[in-house]
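Notes for the structure review
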Amino acid sequence: MRVILNSRHADHAAPGEFEAGAVVPCHEAPGRFGAIRGALEAAGGFTFENAAPNEECVAAVHHPAYVAYLRGASAEAKRANGGGLNSFWPTVFPFGPNPRARGAHALRGAYCFDVYTPILPGTFGAALGGASAAFRAAELVAAGTEKSVYVLSRPPGHHAEHDRCGGYCYFNNAAVAAQHLSRLGKVAVLDLDVHHGNGTQHIFYDRADVLTVSVHGDPAGLYPFFSGFADETGAGPGLGANMNVPLPPGIDPNGYRPALAHALDAVARFRPAFLVFAFGADTHESDPIGGLKLPTDFFGEMGAAVRGLGLPAVIVQEGGYNLGALGASAVALLRGVESR
Ligand code: SP5
Ligand code: ZN
């Protein structure tokens, strides 16, 4: 299988994140990339290529002012080196009716919805590299050159909305791929990260030609908390083209299988021409933040089930934070996708 990767990913490395009232090392770290790449190389049968930066593909799904903000804030972080920390964090978020954003501090809150998504000197370039890799994969699948292409992307993307970063995500890589494929036919986005793909839902919420389906831990108890409930079904022309399948915490393959079957059935009934599969290995039993109980070999079953749709697919890496399980999970998944 062809793998498109982002050689600039390590330019983004958050110095930490908030957990239980303290600052701990950020789970979304550059080592994730090497863990996956190393496992794919050791497993064999994968070819790797980098993608050229492509700003147009980002502009197709994100607000131009947001893209300009991320570029400018990354450049400013490079200049400022504030107190040696060298990263910008939102401190205040918009409140009340008609919020006005004037100046750097307001913009940091206006273009971000949480405290997991700082801006560093290399953030813009790294995020652009990830989105460009997803676009390149979509080009290959759109051309029929490849049936399935895997995008080894970080930072991840599925939490990034039209004009806000959040959840370690800046540009929505899966949405970039889906937007390109939607020029040729209907697209289904299937998101199997343990967290709700709120950004992808947001970007396509009112569109009838892109179905978004997300299976994830119940947001009543898991990030992103404010979305991912079953009653979010789309709006306007997109009514009925969004589906959320929230799961109780701690479920194992026996609990996950029916939810996955339900999601796959919705994708099949939509009769898409293409699939974008946002894959998170943070459903693994050993993940430090996911809370589900899926063993490594279940990812092979998951991949084979997705392959059963028979759709040309772009597979985009989202979360997964146990470096000891991440590579084996990705290998099992992709072997499952390739099975017949
Ligand atoms: C792409 C992706 O998977 N983003 C996830 C963002 C989750 N951010 C919240 C992390 C909270 C970590 N604290 C959990 C403590 C459990 N011991
Ligand atoms: Zn996740």
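1. A few points about the overall build of the protein
- A count of helices and strands for the protein gives 10 helices and 10 strands.
- Across its three principal directions, the C-alpha atoms of the protein cover 55 × 45 × 40 Å.
- Of all 340 residues assigned to the protein, the portion counted as buried reaches 56%.
- In the protein, of all internal contacts separated by at least 6 residues, the share reaching a separation of at least 24 is 77%.
- Entry remark: accessible area of the protein is about 13,100 Å², with carbon and sulfur atoms responsible for 57%.
- Across the protein, 24 positive and 30 negative side-chain charges occur, with their mean positions spaced 6 Å apart.

2. Some details on the pattern of salt bridges
- Overall, the coordinates contain 14 salt bridges when judged by the stated rule.
- The salt bridge involving Arg-257 is made with Glu-301; its shortest N-O contact spans 2.5 Å. Placement of the pair is Arg-257 in helix H8 (residues 253-270) and Glu-301 in helix H9 (residues 296-307), with a sequence separation of 44 residues.
- Looking at Glu-301, the relative accessible area reads 33%, which means it is partly exposed.
- Connected through salt bridges with shared partners, the residues Arg-2, Glu-49 and Glu-146 form a single ionic network.

3. Comments concerning the site of ligand 1
- Looking at ligand 1, there are 16 residues lining it, with His-159, Gly-167, His-195, Asp-282 and Tyr-321 nearest.
- Note that a nitrogen atom of ligand 1 is positioned 3.1 Å from one of the backbone N or O atoms of Gly-167.
- Between ligand 1 and Tyr-321, the relevant distance is 2.6 Å, taken from an oxygen atom to a side-chain nitrogen or oxygen of the residue.
- The protein chains hide 78% of the 510 Å² of surface that ligand 1 would expose on its own.
- Tallied by class, the residues present in the shell around ligand 1 amount to 7 nonpolar, 5 polar and 4 charged.

4. Re the nonpolar core
- Of all hydrophobic cores here, the largest spans 51 residues; its most connected members are Tyr-150, Leu-192, Tyr-256, Leu-275, Phe-277, Met-302 and Ile-315.
- Filtering out sequence-adjacent residues up to four positions away, Phe-277 remains in contact with Leu-190, Leu-192, Met-302, Val-306, Val-314, Ile-315, Val-316 and Leu-333.
- Counting 47 residues, the second largest nonpolar core, distinct from the first, contains Ala-73, Tyr-111, Cys-112 and Val-210.

5. Quick notes on the layout of surface pockets
- One number sums up the size of the largest pocket: a volume of about 310 Å³.
- Taken together, 15 residues line the largest pocket, and the ones lying closest to its centre are Phe-113, Arg-164, Asn-198, Pro-224 and Phe-226.
- Residue composition of the lining of the largest pocket, by class: 8 nonpolar, 4 polar and 3 charged.

6. Remarks on the coordination of the zinc ion (ligand 2)
- Coordination sphere of the zinc ion (ligand 2), protein contribution only: Asp-193 (OD), Asp-193 (OD), His-195 (ND1) and Asp-282 (OD), at 1.9 to 2.7 Å.
- Read in sequence order, the donor residues for the zinc ion (ligand 2) give the motif D-x1-H-x86-D. Here the residue Asp-193 occupies a position in the loop between strand S6 (187-191) and helix H7 (198-204), and Asp-282 occupies one in the loop between strand S9 (274-279) and H9, the gap between them amounting to 89 residues. Considered together, Asp-193 and Asp-282 belong to a single accessibility category, that of buried residues.

7. A short note on the packing of aromatic side chains
- Here the structure, examined in full by the defined rule, presents 12 aromatic pairs.
- Plain terms: the ring middles of Tyr-256 and Phe-298 are 5.7 Å apart, the flat faces sit at 85 degrees to each other, and that makes the pair edge-to-face. On the criterion of sequence distance, the pair formed by Tyr-256 in helix H8 and Phe-298 in helix H9 is long-range, its members being 42 residues apart. For the pair formed by Tyr-256 and Phe-298, the shared burial category is buried.
- Relative to Phe-299, the ring of Phe-279 has its centre 5.7 Å away and its plane inclined at 80 degrees; by these criteria the two rings are edge-to-face. Of this pair, Phe-279 sits in strand S9 while Phe-299 is found in helix H9, placing the two residues 20 residues apart along the sequence. As far as burial versus exposure is concerned, Phe-279 and Phe-299 are alike and both buried.

8. Overview of empty space enclosed by the protein
- The tally for this structure, following the rule as stated, stands at 3 cavities of 30 Å³ or more.
- Space inside the largest cavity adds up to approximately 50 Å³.
- As for the largest cavity, its lining consists of Val-189, Asp-191, Gly-197, Thr-200, Gln-201, Thr-212, Val-213, Ser-214, Asn-242, Met-243 and Asn-244.
- Those elements that provide at least two residues to the lining of the largest cavity are S6, H7, strand S7 (210-217) and strand S8 (242-247).
- Within the lining of the largest cavity, the residues separate by chemical class into 3 nonpolar, 7 polar and 1 charged.

9. Re the sheet that holds S7
- Pairing in this open sheet of 8 strands is parallel, and the strands run S4-S1-S5-S10-S9-S6-S7-S8 from one edge to the other. Each edge of the open sheet is held by one strand with a lone partner, namely strand S4 (47-50) and S8. Strand-to-strand twist of the sheet, defined as the mean angle between neighbouring strand axes without regard to direction, takes the value 20 degrees.
- Pairing analysis gives 4 bridges linking strand S1 (residues 2-5) to strand S5 (residues 148-152), with the strands arranged parallel. Bridged to Leu-5 within S5 is Leu-152.
- Contacting S1, S4, S5 and strand S10 (313-317), helix H1 (residues 31-43) crosses the sheet at an angle of about 140 degrees to S5.
- Running over the sheet, helix H6 (residues 173-181) touches S6, S9 and S10 and is turned about 180 degrees from S9.

Rules used throughout
Residues numbered from 1 in each chain as written. Chains lettered and ligands numbered in written order. Predicted model: local features only at pLDDT ≥ 70, side-chain atom pairs only at ≥ 80, totals over all residues. Heavy atoms only, no water. Helix = DSSP H or I, 4+ residues; strand = E, 2+ residues; numbered from the N terminus. Buried < 20%, exposed > 50% of the residue type's maximum accessible area, 1.4 Å probe, protein only. Contact = heavy atoms within 4.5 Å. Areas by Shrake-Rupley, 256 points an atom, 1.4 Å probe, with all protein chains shown as cover. Lys, Arg positive; Asp, Glu negative; His and termini not counted. Charge placed at Lys NZ, Arg CZ, Asp CG, Glu CD. Salt bridge = Lys/Arg side-chain N within 4 Å of Asp/Glu carboxyl O. Near = heavy atom within 4 Å. Polar contact = N/O pair within 3.5 Å; in protein donor to acceptor, adjacent residues only side chain to side chain. Nonpolar A, V, L, I, M, F, W, Y, C, P; charged D, E, K, R; others polar. Core = buried A, V, L, I, M, F, W, Y, C linked by side-chain atoms within 4.5 Å. 1 Å grid on protein atoms, 1.4 Å probe; cavity = no way out; pocket = protein on both sides within 12 Å on 5 of 7 lines; lining within 4 Å. Points joined across faces, edges and corners; volume = space filled by probe spheres on them. Donors = N, O, S within 2.8 Å, 3.2 Å for Na, K, Ca; no water. Phe/Tyr/Trp six-rings, centres within 6.5 Å; stacked < 30°, edge-to-face > 60°. Pairing = 2+ DSSP bridges. Axes fitted to C-alpha atoms, helices over the stretch in contact; angles between N-to-C directions.

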